[in-house]
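These are the residues of each chain, in order.
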Amino acid sequence: MIEFITSHTLYIPFITLNVIIIYKIIKNVLRDDNRKNDDDDDEGGILANNNPVLDLPPGVTLPISSKEPVLND
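For the structure given in this document, a descriptive report is provided here. (Residues numbered from 1 in each chain as written. Predicted model: local features only at pLDDT ≥ 70, side-chain atom pairs only at ≥ 80, totals over all residues. Heavy atoms only, no water.)

**Focus: the overall build of the chain**
- Along its length, the chain carries two helices and zero strands.
- Taken over 73 residues, the chain has a buried fraction of 0%.
- Within the structure as shown, the chain displays about 7700 Å² of accessible surface, and the carbon and sulfur contribution to it stands at 60%. (Helix = DSSP H or I, 4+ residues; strand = E, 2+ residues; numbered from the N terminus. Buried < 20%, exposed > 50% of the residue type's maximum accessible area, 1.4 Å probe, protein only. Areas by Shrake-Rupley, 256 points an atom, 1.4 Å probe, with all protein chains shown as cover.)

What follows is the structure, encoded as structure tokens:
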């Protein structure tokens, strides 16, 4: 083994570089898995501020309040 290392001087830096790259890839993958945990961040479902834009016909309006009925005269 010593003969191989002495004849190929870039063998150890090559192995070291590969180990560092593999370590960083595994570290990033594990960090991304922990970051994407949606259970703690929000309750899920549709957000309240993403209301759809409605194309209503003339004379039809959206209710002002959900507690009071709107009567058109």
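Moving on from the coordinates now.
**Topic: the packing of aromatic side chains**
- Enumeration over the complete set of coordinates arrives at one aromatic pair.
- Ring plane angle 85° and centroid distance 5.2 Å describe the contact between F4 and Y11, whose orientation is recorded as edge-to-face. (Phe/Tyr/Trp six-rings, centres within 6.5 Å; stacked < 30°, edge-to-face > 60°.)

**Structural notes on a nonpolar patch on the surface**
- Residues L17, I21, I25 and V29 make up a contiguous nonpolar surface patch of roughly 350 Å² in combined accessible area.
- Relative to the helices and strands, V29 is located in helix α2 (residues 11–35).
- For V29, a relative accessible area of 44% puts it in the partly exposed group. (Patch = residues over 30% accessible without salt bridge, like charges linked within 9 Å, V, L, I, M, F, W, Y side chains within 5 Å. Salt bridge = Lys/Arg side-chain N within 4 Å of Asp/Glu carboxyl O.)

**Description of the environment of L56**
- Mapped onto the secondary structure, L56 falls in the segment after α2.
- Since its relative accessible area comes to 35%, L56 is described here as partly exposed.
- If sequence neighbours within four positions are ignored, L56 has contacts with T61 and L62. (Contact = heavy atoms within 4.5 Å.)

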